[in-house]
Amino acid sequence: MELRLISKKNEQDKKIISCKNLVIGDGSLVVIAGPCSVESREQIFKTAEFVKGQGANVLRGGAYKPRTSPYSFQGLGEEGLKLLREAGDTFQLPVISEIMDTREVELINGYVDILQIGSRNMQNYSLLKEVGRLKKPVLLKRGMAASLEDWLMAAEYIASEGNDNIILCERGIKTFESYTRNTLDLSAVPLIKSMSALPIIVDPSHGTGLRSLILPMSKASIAAGADGVMVEVHPIPEEALSDGFQSLNFREFKDLMEKIKPLHQYLNQ
Ligand code: PEP
Ligand code: MN
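Caption draft 1: Summary view of the packing of helix 8 (residues 214–223) against helix 9 (residues 250–267). Two numbers describe how helix 8 lies on helix 9: the axes approach to 10 Å, and their chain directions differ by 15°. Viewed along their axes, helix 8 and helix 9 adopt a mutual orientation that is roughly parallel. By crossing handedness, the relation of helix 8 to helix 9 is classed as right-handed. Taken together, the residues of helix 9 that come into contact with helix 8 (itself represented by I214, L215, S218, K219, I222 and A223) are D255, L256, K259, I260, L263, H264 and L267. Its residues assigned to classes, the contact of helix 8 with helix 9 comprises eight nonpolar, two polar and three charged.

Caption draft 2: Structural context of the pattern of salt bridges. For the structure shown, the criterion picks out 19 salt bridges. Two residues, K20 and D113, come together in a salt bridge whose shortest N-O distance is 3.1 Å. In this pair, K20 is assigned in the loop between strand 1 (17–19) and strand 2 (22–24) and D113 in the loop between helix 3 (105–109) and strand 6 (114–117), connecting sequence segments 93 residues apart. One continuous salt-bridge network, built from bridges that share partners, spans K20, R85, D89 and D113.

Caption draft 3: Structural context of the pairing of strand 7 (residues 138–141). In strand 7, alternate side chains face the same way, and those of V138 and L140 on one face and L139 and K141 on the other are all buried. One ladder, built from three bridges, connects strand 6 with strand 7; its direction is parallel. Looking at the pairing, I117 lines up with L140 of strand 7. For the segment spanning strand 6, helix 4 (residues 125–132) and strand 7, crossover handedness is right-handed. Bridging between strand 7 and strand 8 (residues 166–170) involves four bridges; their strand directions are parallel. Following the sheet pairing, K141 is matched in strand 8 by C169. With helix 5 (residues 148–160) bridging strand 7 and its parallel neighbour strand 8, the resulting β-α-β unit is right-handed.

Caption draft 4: Summary view of the coordination of the manganese ion (ligand 2). Ligation of the manganese ion (ligand 2) by protein atoms is provided by C36 (SG), H206 (NE2), E232 (OE) and D243 (OD), these donors lying 2.0 to 2.4 Å from the ion. Each donor residue of the manganese ion (ligand 2) lies on one chain, and together they are spaced C-x169-H-x25-E-x10-D. In this pair, C36 is assigned in the loop between strand 3 (30–34) and helix 1 (41–53) and D243 in the loop between strand 10 (228–232) and helix 9, connecting sequence segments 207 residues apart. Residue D243 is classed as buried on the basis of its relative accessible area of 10%.

Caption draft 5: Representation of the site of ligand 1. With respect to spatial proximity, the complete set of residues near ligand 1 consists of R60, K65, P66, E98, Q116, G118, S119, R120, K141, R171, H206 and M230. Note that an oxygen atom of ligand 1 is positioned 2.9 Å from one of the side-chain N or O atoms of K65. For ligand 1, an oxygen atom lies 2.7 Å from a polar atom in the side chain of R171. Considering ligand 1 on its own, with 300 Å² of exposed area, one finds that the protein chains cover 96% of that surface.

So, how was this worked out
- Residues numbered from 1 in each chain as written.
- Chains lettered and ligands numbered in written order.
- Predicted model: local features only at pLDDT ≥ 70, side-chain atom pairs only at ≥ 80, totals over all residues.
- Heavy atoms only, no water.
- Axes fitted to C-alpha atoms, helices over the stretch in contact; angles between N-to-C directions.
- Helix = DSSP H or I, 4+ residues; strand = E, 2+ residues; numbered from the N terminus.
- Parallel < 35°, antiparallel > 145°, perpendicular 65-115°, else oblique.
- Left-handed = near helix turned anticlockwise from the far one by under 90°.
- Contact = heavy atoms within 4.5 Å.
- Nonpolar A, V, L, I, M, F, W, Y, C, P; charged D, E, K, R; others polar.
- Salt bridge = Lys/Arg side-chain N within 4 Å of Asp/Glu carboxyl O.
- Buried < 20%, exposed > 50% of the residue type's maximum accessible area, 1.4 Å probe, protein only.
- Pairing = 2+ DSSP bridges.
- Right-handed = clockwise from strand over helix to strand, strands pointing away.
- Donors = N, O, S within 2.8 Å, 3.2 Å for Na, K, Ca; no water.
- Near = heavy atom within 4 Å.
- Polar contact = N/O pair within 3.5 Å; in protein donor to acceptor, adjacent residues only side chain to side chain.
- Areas by Shrake-Rupley, 256 points an atom, 1.4 Å probe, with all protein chains shown as cover.

Below you can see the structure in the form of structure tokens.
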């Protein structure tokens with residue numbers, strides 16, 4: 001595999017990404033939390049306030065959603081981005097949202113602090129090159145059928161345009177197992193860390209599709225050496241317009257934070 005820009009040159013080689021007062025890749029634990037989709041002002045503000053209070057570092061919320069069915073909720077579009085930005089500013093949280101189309105780059109870039117490239121677009125090379133021309137951090141999710149080489153080469157596309165502020169995100173791959181939505185490949189974490197200097201986080205919400213697995217798989221991700229986790233959180237998951245079944249409610253998110261913070265501290269002392 002020919003990695004030119006994102007390879008690990010020596011044992012200590014780490015790409016540290018700074019974004020406002022957030023630092024990713026320096027050994028600290030980063031928690032990205034928020035709803036699958038921004039649904040309303042009340043929903044995103046309540047969530048932002050709660051996750052901030054529990055120590056989350058970044059607020060997530062999709063405004064342009066890649067849904068399996070064209071008849072499912074597609075996101076609030078620019079209105080969703082505005083609400084996400086306002087909530088992030090109000091509670092001092094940098095914000096991340098997904099970008100699906102090269103035509104949306106300018107618009108979304110105007111609202112978010114981190115640009116998310118979703119699983120379905122990991123090999124959308126025009127989109128990768130487009131975000132590669134920006135300076136802003138890019139969270140690159142693993143394609144659901146992508147090998148580590150496919151994934152790292154996709155990151156190399158972004159870096160080759162000049163932007164090496166890339167955070168990798170393991171979010172599960174398709175296997176024959178159907179009990180879980182995806183099979184969360186945690187071996188990717190130490191493997192990627194041995195090959196690349198880029199930080200890597202894990203998304204156990206999409207990675208498993210089961211709320212009950214978010215806590216154990218977050219712990220496992222941290223034990224495997226991940227730089228952080230991204231979890232879906234909703235004030236009332238049962239009423240969510242997307243992915244409620246894999247979203248934590250506030251009580252569950254509080255419990256998650258209370259368990260993963262000391263674990264990270266213990267493992268990194
Ligand atoms: C998401 O994080 O909102 C999302 C759609 O995830 P993925 O691209 O991993 O399916
Ligand atoms: Mn989702």
